[in-house]
Structure formats: C-alpha cells, structure tokens
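# Architecture and fold: a report
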Amino acid sequence: MKLVDAFDLAATTRPTWKTPKGNWNHPVKVNRGHLLRILGPNKNVKKITKGDLAALRTKLVMEKKANGTINRVMATLNTMFKELIDHEVIEKFPRLKKLEEKNARKEYFSQEDIDKMIHACHEIFLYHDLADAMILALYTGSRQAHLLTLEVRDVDLDRDTILFRDPKCGEDYTLDIHPKLKEILEVRCEGEKPNTKLFSYKNKDELYYQFKKVRNYCGIDKKLVWHSYRHTCGTWLADRGVPIQNIAKVLNHKTLEMSMRYAKLTDKARKSAINSL
C-alpha cells in the first residue's frame, strides 16, 4: 500500500484527523505533508525501514526543524502505522526514540490546576456537567470519545465498576469506580433509562469549547488539552508507585511500551522512592 493511501485508510478510523467536511485538520495536514514530501507519496508502507526513519529525521534536522516539530511528525507516522495494524495491513513497524525537547511542554495538570478548574466550572460558568466530566476523565484516564459514549447501563453501582466501550478496536474494558466518582455516578444514573448518555454533549467540540473557556479563565497553560487528563491519571498513578503493568490496565494500553512514558520518575516520585529505602 502506498503511503498516501495509507493515510487515507488510517483516517477512516481516526476521525479527529479530518474535519466534518473531509479536510485534513491542520496539525495532521502539516505533519502528513512532511512525510509525503520526504518519504514520497508512493512509498510502500510495508517497506519503510528504520533507516528510512533515520533519514527522514536527519532531513528535518537539516531543514532546522525544532525537535518538538520532528517528534510530532514522527508521532503522526507512528499513529498511522498503528491504524494500519488494526486494519491488518502490516504486522509491525519501525520506530525511533524521541528527540529531547528543550522546554518540553507540560503534559499533566497539577492538583492546583484541577481545583481551580472545578471551582470555576461550578462557581463562575455554572458548567456542572463539565466539572463531572473532568473528574470522571481524571479518575478513569478514559479517552474523550469513550467518555462521551458512556451510558447508564455501563455503570454498575452494585459492583462499583464502569464499562468503557471501544467500538474502534472492539475491545471493551472495565474499571473499578473510584470513591470520588461514586456520588457523581449515582446522581447521573438515578431514574434514567439504561441507554441514556451520562453526558448530553452533542459532540466533542461542544465539550472542548467549554473546557477551553474554563482553562483559559484559570490561567492554565494552553498547551494542556483535554487529553491531558489521561496523562494526569497515568502520572498520578506513577507518582504513587503503581507498577507499569497496572497503569497499562487502567489506561487500556495495548502494550507496556505505550505506558513506559510514565516510568520516568517525577520529582515527587523520585523523592518518595529514595525515602522508602
């Protein structure tokens, strides 16, 4: 399969890559453009080697692209490869280690950030649904798409479990309900029909619009996005010494490699590790 066709195929199961009108979203458009320009649109994806990736990265370095830009280009390629595996086009793919980034962006919220946003949701904007969605995302590590498809029937308050359905991969998974979620879920499920959505947002854009208003009002780094709740969950688990295998289960990662980003100790975790000796 040609690289240009592989991107089109990947986009069929990666809806965030294109707008409702079928145009490429800007970040993907830019990264895809670099990949097609350097690797060639007719490059057979099955024949892309680690050497090809090294040459691609060297070319971008020679063009004086920032390490962060290069990492995002490579991340887009990796995402496309993962989609091709799901489509059974390829069985594996080559990859390179990320380049070190100066002033790398913060990927998770602090407890202070969370407290500010929850307060603003309730007291300033009256976005009570958004506050509940934030807390649920934080204490489950669920992806935005999975959160918005949750229905009352997915919540088992007797067993304290919540079922996340993954239509994309066809692999549903269950998590235990954190104590901080119990009351929220009880209120949202009470008296509702089994197929009622937990959150009534029309789409992810409506939720994200509210989130950005709250984040910006609180003066929180604009580089932190909704997906950062998922990274925050993983980071907090690592801070508390939770093994990588268990973090992978909570975040429903397919491989341990996907969870290894949390293996790098934060300052808090490093201090805790030393104090445990």
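In this text the structure is predicted, and so the values were computed from the model without any measurement. (Residues numbered from 1 in each chain as written. Predicted model: local features only at pLDDT ≥ 70, side-chain atom pairs only at ≥ 80, totals over all residues. Heavy atoms only, no water.)

Before going further, it helps to spend a moment on the pairing of strand β2 (residues 161–164). Here strand β1 (residues 155–156) runs beside β2; their pairing, made up of two bridges, is antiparallel. For D156, the partnering residue across the bridge sits in β2 and is T161. Once β1 ends, the chain turns through four residues before running back antiparallel as β2, passing D160 with a positive phi of about 55 degrees. Direction of pairing for β2 relative to strand β3 (residues 173–176): antiparallel, over a ladder of four bridges. The residue bridging F164 from the neighbouring strand is Y173, located in β3. (Pairing = 2+ DSSP bridges. Helix = DSSP H or I, 4+ residues; strand = E, 2+ residues; numbered from the N terminus.)

Moving on to the pattern of salt bridges. Pairs can form between side chains of opposite charge once their charged atoms are near each other. Tallied over the full model, the rule gives 13 salt bridges. The closest approach of N and O atoms between K59 and E63, which form a salt bridge, is 3.8 Å. For the salt bridge of R188 with D132, the shortest nitrogen-to-oxygen distance reads 3.1 Å. Remark: D132 occurs in helix α6 (residues 128–138) and R188 occurs in helix α8 (residues 179–189); sequence separation between them is 56 residues. Connected through salt bridges with shared partners, the residues R37, K59, E63 and K65 form a single ionic network. (Salt bridge = Lys/Arg side-chain N within 4 Å of Asp/Glu carboxyl O.)

Turning next to helix α9 (residues 204–217). Taking 1.5 Å of rise per residue, the 14 residues of α9 would be expected to cover 20 Å, and the 20 Å separating its terminal C-alpha atoms lies within 8% of that figure. Of all the positions in α9, only L207, Q210, F211, V214 and R215 are classed as buried. Relative to the axis of α9, the buried residues are bounded by an arc of 135 degrees and lie together on one face. Buried residues in α9 make contact with α5 (111–125), α6, α7 (144–148) and α10 (228–239). The residue sitting at the N-terminus of α9 and contributing the capping side-chain oxygen is N203; that oxygen lies 3.0 Å from the backbone nitrogen of D205. Backbone geometry just downstream of α9 places G219 in the positive-phi region, at approximately 70 degrees. (Expected span 1.5 Å × (residues − 1). Buried < 20%, exposed > 50% of the residue type's maximum accessible area, 1.4 Å probe, protein only. Arc of directions from axis to C-beta. Contact = heavy atoms within 4.5 Å. Polar contact = N/O pair within 3.5 Å; in protein donor to acceptor, adjacent residues only side chain to side chain.)

Here the focus is the layout of surface pockets. By volume, the second largest pocket amounts to about 300 Å³. As for the second largest pocket, its lining consists of 13 residues, and the residues nearest its centre are L138, Y139, H178, C233 and L237. Within the residue set of the lining of the second largest pocket, elements represented by two or more residues are β3 and α10. Per-element tally for the lining of the second largest pocket: the top contributor is α10, with three residues. (1 Å grid on protein atoms, 1.4 Å probe; cavity = no way out; pocket = protein on both sides within 12 Å on 5 of 7 lines; lining within 4 Å. Points joined across faces, edges and corners; volume = space filled by probe spheres on them.)

For the rest of this paragraph, the subject is the nonpolar core. Ranked by internal contacts, the top residues of the largest apolar core, which has 42 residues, are M117, L130, M134, I162, V214, W226 and Y229. Those elements that place two or more of their residues in this core are α5, α6, α7, β2, β3, α8, α9 and α10. Ranked by the residues each element gives to this core, the list is headed by α6, at eight residues. Once you skip the residues sitting within four places of it in the chain, W226 turns out to touch L130, A133, M134, A137, Q144, L147, L207, Y208 and F211. With 27 residues, the next largest nonpolar core counts L3, W24, V45 and V89 among its residues. (Core = buried A, V, L, I, M, F, W, Y, C linked by side-chain atoms within 4.5 Å.)

Structurally, the α-helix is built with 3.6 residues per turn, so residues lying three or four positions apart point the same way. Between the first and last C-alpha of α5 there are 20 Å, a value that for 15 residues agrees with the 21 Å anticipated at 1.5 Å per step. Bending of α5 peaks at approximately 25 degrees at the position of H119. Within α5, the full set of buried residues consists of D113, I114, M117, I118, A120 and C121. Next to the buried residues of α5 lie α6, α9 and α10. Looking one or two residues beyond α5, the residue adopting positive phi is L126, at roughly 60 degrees. (Bend = angle between axes of the 7 residues up to and from the residue.)

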